[in-house]
Amino acid sequence: GEIGWAGGGAGPDFFIYLGDRPATHFGRDHTVWGTLADKDSMEVAERIVNLPSHTPGGPNTMRFLREKMYFDIESGTAGVEGSALDA
């Protein structure tokens, strides 16, 4: 799974992409800036995807959660050689 910002519209909007391949089809409109760290993280993402949601743009458009969700993001790059966080 990949995590990023969806641009190209009124956003930016946070998204979680759960496709089987890297999200290269997003082109330059969206920025993927992270990946899910492990199986437990993927399970959390799958539970989020299954929360009540709607598609205000109609079928086959971006899906939005019906209620706000609050979360923390933890960087997994601290201490990784060559990481921007090590500079």
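Residues numbered from 1 in each chain as written. Predicted model: local features only at pLDDT ≥ 70, side-chain atom pairs only at ≥ 80, totals over all residues. Heavy atoms only, no water.

Novice: Break down the overall build of the protein for me, citing the residues and quoting the values.
Specialist: Along the backbone of the protein there are 1 helix and 5 strands. If you list the helices and strands of the protein from N to C, you get β-β-β-α-β-β. The buried share among the 87 residues of the protein stands at 18%. Intrachain contacts of the protein at a sequence separation of at least 6 include 32% that bridge at least 24 residues. Accessible surface for the protein amounts to roughly 7200 Å². Of this, 52% is attributable to carbon and sulfur atoms. (Helix = DSSP H or I, 4+ residues; strand = E, 2+ residues; numbered from the N terminus. Buried < 20%, exposed > 50% of the residue type's maximum accessible area, 1.4 Å probe, protein only. Contact = heavy atoms within 4.5 Å. Areas by Shrake-Rupley, 256 points an atom, 1.4 Å probe, with all protein chains shown as cover.)

Novice: Explain a negative patch on the surface residue by residue, including any values.
Specialist: The grouping of Asp38, Asp40, Glu43 and Glu46 at the surface amounts to a negative patch. Its location among the elements puts Glu43 in helix H1 (residues 39-49). (Patch = residues over 30% accessible without salt bridge, like charges linked within 9 Å, V, L, I, M, F, W, Y side chains within 5 Å. Salt bridge = Lys/Arg side-chain N within 4 Å of Asp/Glu carboxyl O. Lys, Arg positive; Asp, Glu negative; His and termini not counted. Charge placed at Lys NZ, Arg CZ, Asp CG, Glu CD.)

Novice: Go over the confidence of the model for the protein, please, and point to the residues and values.
Specialist: With 80% of its residues at a pLDDT of 70 or more, the protein has an overall mean of 75. For the stretch residues 79-87, pLDDT sits under 50, and the model shows 8 contacts to residues farther than four places along the chain or on other chains. (pLDDT = per-residue confidence, 0-100.)

Novice: How would you sum up the sheet that holds strand S2 (residues 13-17)? Please name residues and give values.
Specialist: The antiparallel open sheet is built from 3 strands, whose spatial order is S2-S1-S3. Both edges of this open sheet fall to S2 and strand S3 (30-35), since each of them pairs with a single strand only. Between one strand and the next, the sheet's axes are offset by a mean angle of 30 degrees, whatever the strand orientation. Across 5 bridges, the pairing between strand S1 (residues 2-6) and S3 is antiparallel. (Pairing = 2+ DSSP bridges. Axes fitted to C-alpha atoms, helices over the stretch in contact; angles between N-to-C directions.)

Novice: I'd like a rundown of the nonpolar core, residues and numbers included.
Specialist: By size, the foremost hydrophobic cluster in this structure holds 5 residues: Ala6, Phe15, Tyr17, Ala23 and Phe26. Filtering out sequence-adjacent residues up to four positions away, Phe26 remains in contact with Phe15, Tyr17 and Val32. (Core = buried A, V, L, I, M, F, W, Y, C linked by side-chain atoms within 4.5 Å.)

Novice: Explain the pairing of S1 to me, and be specific about the residues and the numbers.
Specialist: Along S1, 4 of the 5 residues are buried, which leaves the element largely enclosed by surrounding structure. Two strands pair when backbone bridges link them, and S1 and S2 are joined in this way by 5 bridges, in the antiparallel orientation. Paired with Trp5 across the bridge in S2 is Phe14.

Novice: Got a sec to walk through the environment of Arg21? Specific residues and values, please.
Specialist: With respect to the helices and strands, Arg21 occurs in the loop between S2 and S3. Measuring from C-alpha to C-alpha, the distance between Arg21 and Gly1 comes to 8.7 Å, with 20 residues separating the pair along the chain.

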